[in-house]
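Read off the chains here:
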Amino acid sequence: MPILNLKISAAPSRELVAAASEILLDLTVRILHKKRDLSAIAIDFVPPEHWVVGGKTLAEQGKRSFYLDIKIVDGTNTKDEKAAYVAAVFDAFARLLGDLHAESYIFVHDVRADAYGYGGQTQEARYIRAK
């Protein structure tokens, strides 16, 4: 049930939405063992002229970038799984976007189960009911 928020320095396109979301779904399911049907992704596009790294826009640098923020329940993944996920996402987006700036970020939030949920229920409540 992770929620993924993605920003991409590119012009919006259906093809890019489809490719980026499929990459994220595949890696989130395969590496973090999350359920595909409970994974949600929101994608925002930022013009390269509006994305600044080191005082220069990505347009000036001729680079692309992305920022991924994913929230998962604390304790459901190991450090090694999260490290593998960060590496795999970066590599996949480097292939997708081309000349990727090294200052492209992946932030995996470990969120408390009693403070995170969907459908009006926390993950803690779901866990207790399943017992």
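This write-up is about the structure you can find in this document.

The rules behind the values
- Residues numbered from 1 in each chain as written.
- Predicted model: local features only at pLDDT ≥ 70, side-chain atom pairs only at ≥ 80, totals over all residues.
- Heavy atoms only, no water.
- Helix = DSSP H or I, 4+ residues; strand = E, 2+ residues; numbered from the N terminus.
- Buried < 20%, exposed > 50% of the residue type's maximum accessible area, 1.4 Å probe, protein only.
- Contact = heavy atoms within 4.5 Å.
- Lys, Arg positive; Asp, Glu negative; His and termini not counted.
- Charge placed at Lys NZ, Arg CZ, Asp CG, Glu CD.
- Expected span 1.5 Å × (residues − 1).
- Polar contact = N/O pair within 3.5 Å; in protein donor to acceptor, adjacent residues only side chain to side chain.
- Pairing = 2+ DSSP bridges.
- Axes fitted to C-alpha atoms, helices over the stretch in contact; angles between N-to-C directions.
- Phe/Tyr/Trp six-rings, centres within 6.5 Å; stacked < 30°, edge-to-face > 60°.

Details of the overall build of the chain
Piece 1. Along the backbone of the chain there are 4 helices and 8 strands.
Piece 2. For the chain, the sequential pattern of α-helices and β-strands runs β-α-β-β-β-α-β-α-β-β-β-α.
Piece 3. Along the three orthogonal principal directions, the C-alpha set of the chain runs to about 55 × 30 × 25 Å.
Piece 4. Relative to its full complement of 131 residues, the chain shows a buried share of 39%.
Piece 5. Counted over contacts in the chain with a minimum sequence separation of 6, partners at least 24 positions apart contribute 73%.
Piece 6. Treating the 17 positive side-chain charges of the chain as one cloud and the 17 negative ones as another, the clouds have centres 4 Å apart.

Re helix α1 (residues 14-30)
Piece 1. Here α1 spans 24 Å end to end across 17 residues, near enough to the 24 Å set by a 1.5 Å rise per residue.
Piece 2. Turning to α1, its buried residues number three or more, namely Leu16, Ala20, Ser21, Ile23, Leu24, Leu25, Leu27 and Thr28.
Piece 3. Buried positions along α1 lie against β1 (3-8), β2 (40-45), β5 (66-73) and α3 (79-97).

Considering the side chain of His101
Piece 1. Take His101: it is sitting in the loop between α3 and β6 (105-111).
Piece 2. A residue is classified by how much of its surface remains accessible, and His101, at 13% relative accessible area, is buried.
Piece 3. Of the polar contacts made by the side chain of His101, one reaches the side chain of Gln61; its length is 3.0 Å.
Piece 4. Residue contacts for His101: discarding those within four places in its chain leaves Val53, Leu58, Gln61, Lys63, Arg64, Ser65 and Phe90.

Observations concerning the environment of Ala40
Piece 1. Checked against the element boundaries, Ala40 lands in strand β2.
Piece 2. Along the sequence, Ala40 and Met1 sit 39 residues apart, while their C-alpha atoms lie 7.3 Å from each other.
Piece 3. Those residues within four positions of Ala40 in sequence are excluded, and the remaining contacts are Pro2, Ile3 and Leu4.

Describing the sheet that holds β6
Piece 1. Judged by pairing direction, the sheet is mixed, and its 4 strands sit side by side in the order β2-β1-β5-β6 without closing on themselves. Of all the strands in the sheet, the pair left with one neighbour each is β2 and β6. The sheet shows a mean angle of 15° between the axes of neighbouring strands, direction not considered.

Notes on the packing of aromatic side chains
Piece 1. By the definition in use, this model includes 2 aromatic pairs.
Piece 2. Ring plane angle 45° and centroid distance 6.4 Å describe the contact between Phe66 and Phe90, whose orientation is recorded as tilted. Separated by 24 residues along the polypeptide, Phe66 in strand β5 and Phe90 in helix α3 bring together distant segments of the chain.
Piece 3. Assessed through its relative accessible area of 0%, Phe66 is described here as buried.
Piece 4. Judged by centre distance (4.6 Å) and plane angle (25°), the ring pair of Phe66 and Phe93 falls under stacked. Separated by 27 residues along the polypeptide, Phe66 in strand β5 and Phe93 in helix α3 bring together distant segments of the chain.
Piece 5. Looking at Phe93, the relative accessible area reads 0%, which means it is buried.
Piece 6. Three or more aromatic residues joined by ring pairs make a cluster, and in this case those are Phe66, Phe90 and Phe93.

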